[in-house]
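Residues per chain are reported as follows:
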Amino acid sequence: MAYNQAMMIRRDLLARMCKLIKDGNLKEQIDRIPLIMRPRHSSEVTRCCIHKDRAVIKYRLMAILGFDVRDEEDELIPLSQYAKMAEERKDFTDIMLTVVDEACSSCVKSNYVVTNMCHGCIGHPCTFACNKQAISVNEKAKIDPSKCVSCGLCMQACPFNAIIYQAVPCEESCPVGAISKDEYGVEHIDETKCIYCGRCREACPYGAIMEKTYLVQIYAALKDPKKKVIAMFAPALAGQFPAPLGKIISAIRGVGFDEVWEVALGANVTSKTEAAEFEERMEKGEPFMTTSCCHAYTELTKKHLTELAPYVSDTRTPASYTAEIIKKQQPDAVVVFIAPCVSKRHEGFYDPNMDYVMSFEELGAMMIAAGVDVLTCEESEYDGGIDNSGRAFPYTGGVLDSVKKFAKHPENIRPYIVDGIDKAVIKSLKNIKKTCGGPDQPNFIEFMMCKGGCVNGCNALANPRTATRQIQNFIAADEKKKQENA
């Protein structure tokens, strides 16, 4: 999670949208948001003119309404019409990210560039380093992009550090090469490659990549007196606000949810099931098993690391088990999963027990719209029957510790943790069978797509270290309380 102005604008748009929907003024006032945020003679202009700024804001609002920018057929259709369509729509797709082409035009293609730090030295080490004859020197060095193969040898050779690598942030951040530019310089996401980690959205400095939301549908359910709406929140949420867990639960109720459930309940089921599955697999002679609770990781194995797919646990995710428990008890309830990342939104689309998925950011926006201050909320009771190991799932090592706690023979678990996945890690994982499964080698692998765990998901609100420490402090205090009451 990186704080920047693009992120702040996104959160401002979410809060404005939530306020309009909550107050019932969406269709009447949404068209004015771009004008209010970028008035004539505004000093806040971030692009060439206020008109382009307003256009970008419009398309970002389209995404918040749940539309893909590519859905636009007529540029003259106002946001109010999209708001009306959002309220009436019944069908949705599994495309969770959309690229705002109006915003995505400032990054040039990744390449190596000679800066004005070039001294035009007599040694010409850059030309000798390049075996493609892509560099020539006439007072200053110059790179021919048609010959350059982006090997970077010239940059390494320059004694003045005059050659730099100019990256495209979203492409550089994507661990699976799922995003690339078209002939117009606009990025496109290849859904056949995308694993929904959200890295591209987080990396884009122009706010051009947006996550589609279900806010219109969630608010409609909350306003319907005939519907009971239940929120279930990922364990990582417990570290996102500087407040006790009980206050966070009260704040979620404060925005309108009838009941609030912890996904840590389902995490206990995942741990017990995964522990039993591990021991069964080892008895069958399988070399190793990996965890399955990170949806971005399981998508990675389906689309890119198919050689790892047979070793992924068949156990379902904590969210899946929690939603199932809720639906069995209250089949007519509307279940909304509050999640730390876009991959969980994709997971929820295919889970029959989850009606909608919303992000931590969207919850924060709903609190702002409702005037709910988590710090001033009264403390609600939390589920004392949940084993605290389930609340440890969101930080690195937590899943492993939880599985070991429920294993019959924890001493047989030889762990290995993959803490964050990038291009280099993916490359190394292709040979993981050589380093895992032997007599003295790891046989249980915990996979976290985000470094530090779900506390560092692309929709996280707090510093991941602070969030981890807060969750661990809560667990320690609650364990002490349980021992005192035993």
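Above: the structure in question.
Per chain, residues are indexed from 1 in the order of the written sequence. Restriction of local features to residues with pLDDT of at least 70 applies here, the model being predicted, together with a cutoff of 80 or more for giving and counting side-chain atom pairs; totals for whole chains, interfaces and linings are based on all residues. As a convention, hydrogens and water are excluded, and side-chain values are obtained from all of the structure's heavy atoms.

## A look at the pattern of salt bridges
Between side chains of opposite charge, a pair can form as their charged atoms come close.
Okay, so step 1: Within this document, salt bridges are pairs made up of a side-chain nitrogen of Lys or Arg and a carboxyl oxygen of Asp or Glu, the two lying within 4 Å of each other. Under the criterion given, the structure shown has 30 salt bridges.
Okay, so step 2: Salt-bridge contacts for Glu72 lead to Lys58; the nearest nitrogen and oxygen are separated by 3.6 Å. You can see Glu72 sitting in the loop between helix H4 (50-64) and helix H5 (79-88) and its partner Lys58 sitting in helix H4, a full 14 residues away along the chain. The residues Glu72 and Lys58 share a single accessibility class, namely buried.
Okay, so step 3: Between Lys181 and Glu187 there is a salt bridge whose closest N-O contact spans 3.6 Å.
Okay, so step 4: Relative accessible area decides the class of each residue, using a 1.4 Å probe on protein chains only: under 20% of the type maximum gives buried, over 50% gives exposed, and in between gives partly exposed. The class of Lys181 is partly exposed, set by a relative accessible area of 22%.
Okay, so step 5: Owing to a relative accessible area of 2%, Glu187 belongs among the buried residues under this scheme.
Okay, so step 6: Members of the salt-bridge network, linked through shared partners, are Arg10, Arg11, Arg201, Glu211, Arg345, Glu361 and Glu362. Numbering of helices and strands starts at the N terminus; helices are DSSP runs of H or I of at least 4 residues and strands are runs of E of at least 2.

## What to know about unusual backbone geometry
Okay, so step 1: Of note, Ser150 is a non-glycine position whose phi angle comes to about 55°, a positive value.
Okay, so step 2: Inspection of the secondary structure assignment puts Ser150 in the loop between strand S4 (140-143) and helix H7 (153-157).
Okay, so step 3: Even without being glycine, Asn161 reaches a positive phi, approximately 55°.
Okay, so step 4: Given a relative accessible area of 61%, Asn161 falls into the exposed group.

## A short note on the environment of Arg16
Okay, so step 1: Mapped onto the secondary structure, Arg16 falls in helix H1 (residues 5-23).
Okay, so step 2: What makes Arg16 partly exposed here is its relative accessible area of 29%.
Okay, so step 3: Here the alpha-carbon distance between Arg16 and Gly123, two residues 107 residues apart in the chain, equals 59 Å.
Okay, so step 4: Throughout, a residue-residue contact means that at least one pair of heavy atoms, one from each residue, lies within 4.5 Å. Apart from the residues within four sequence positions on either side, Arg16 is in contact with Ile33, Ile36 and Met37.

## Concerning the packing of H1 against H4
Okay, so step 1: Angles run from 0 to 180 degrees between N-to-C directions of axes, and those axes are lines fitted to C-alpha atoms, restricted for helices to the stretch in contact. Interaxial distance between H1 and H4 falls to 10 Å at its minimum, and their mutual angle equals 60°. Comparing the axis directions of H1 and H4 gives the class oblique. You can see that H1 and H4 cross each other, and the crossing is right-handed. Across the interface between the two elements, Ala6, Ile9, Arg10, Leu13, Leu14 and Met17 of H1 pack against Ile57, Arg60, Leu61 and Ile64 of H4.
Okay, so step 2: Looking at the contact of H1 with H4 residue by residue, the classes come out as eight nonpolar, no polar and two charged. Throughout this description, any angle smaller than 35 degrees is read as roughly parallel, any larger than 145 degrees as roughly antiparallel, any in the 65 to 115 degree range as roughly perpendicular, and the remainder as oblique. Handedness of each helix crossing follows the sense of rotation of the near helix against the far helix: counterclockwise by less than a right angle gives left-handed, clockwise gives right-handed. For this classification, Asp, Glu, Lys and Arg are treated as charged, while Ala, Val, Leu, Ile, Met, Phe, Trp, Tyr, Cys and Pro are nonpolar and the rest, including Gly, are polar.

## Brief notes about helix H11 (residues 245-254)
Okay, so step 1: The element H11 is extensively covered by neighbouring structure, given that eight of its ten residues are classed as buried.
Okay, so step 2: Within the span of H11, buried status applies to Leu245, Gly246, Lys247, Ile248, Ile249, Ser250, Ala251 and Ile252.
Okay, so step 3: Positioned one or two residues after H11, Gly256 has a phi angle of 125°, which is positive.

## Quick word on the packing of aromatic side chains
Okay, so step 1: Each Phe, Tyr or Trp ring, with Trp reduced to its six-membered ring, pairs with another whose centre is within 6.5 Å; inter-plane angles below 30 degrees give stacked pairs, above 60 give edge-to-face pairs, and intermediate values give tilted ones. Evaluation of the coordinates by the stated rule reveals nine aromatic pairs.
Okay, so step 2: Seen in terms of ring centroids, Tyr112 and Tyr165 are 4.9 Å apart; in terms of plane orientation they differ by 50°. Their pairing is tilted. Within this pair, whereas Tyr112 is found in strand S2 (residues 111-114), its partner Tyr165 is found in strand S5 (residues 163-166), the two being separated by 53 residues in sequence.
Okay, so step 3: Both rings, one in Phe278 and one in Phe444, keep their centres 5.6 Å apart while their planes meet at 90°; by these two values the pair is edge-to-face. In this pair, Phe278 sits in helix H12 (residues 264-283) while Phe444 sits in strand S15 (residues 444-448), placing the two residues 166 residues apart along the sequence. Phe444 matches Phe278 in its accessibility class, with the two residues each being buried.
Okay, so step 4: Through pairs of rings, three or more aromatic residues link up here, namely Phe92, Tyr214 and Tyr356.
Okay, so step 5: Both a distance and an angle decide whether a charge sits over a ring: NZ of Lys or CZ of Arg must be within 6 Å of the ring centre and within 35 degrees of the ring normal. A cation over a ring is seen here: Arg89 above Phe67, with NZ or CZ 4.8 Å from the ring centre.

## A word on the layout of surface pockets
Okay, so step 1: In this structure, the largest pocket occupies an estimated 350 Å³ of space.
Okay, so step 2: At the level of elements, helix H13 (295-303) and helix H15 (342-350) are the ones that each hand at least two residues to the lining of the largest pocket.
Okay, so step 3: For the lining of the largest pocket, the element with the most residues is H13, which contributes five residues.
Okay, so step 4: Grouping the amino acids of the lining of the largest pocket by side-chain chemistry returns three nonpolar, nine polar and six charged. Definitions used throughout: a 1 Å grid over protein atoms alone; a cavity as a set of points that fits a 1.4 Å probe which cannot get out; a pocket as an open set with protein on both sides within 12 Å along at least five of seven lines; a lining residue as one with an atom within 4 Å of a point. Grid points are joined across faces, edges and corners, and a volume is the space filled by probe spheres set on the points.

## Describing the nonpolar core
Okay, so step 1: With 130 residues, the main nonpolar core has Leu65, Met232, Ile252, Phe257 and Met366 as its most contacted residues.
Okay, so step 2: Examining the composition of this core, we find that eight residues originate from one element, H1, more than from any other.
Okay, so step 3: Contacts of Leu65, omitting those with residues within four sequence positions, involve Met17, Leu26, Ile30, Leu79, Tyr82, Ala83, Ala86, Thr213 and Val216. Nonpolar cores were defined as sets of buried Ala, Val, Leu, Ile, Met, Phe, Trp, Tyr and Cys residues, with membership established by side-chain atoms within 4.5 Å.

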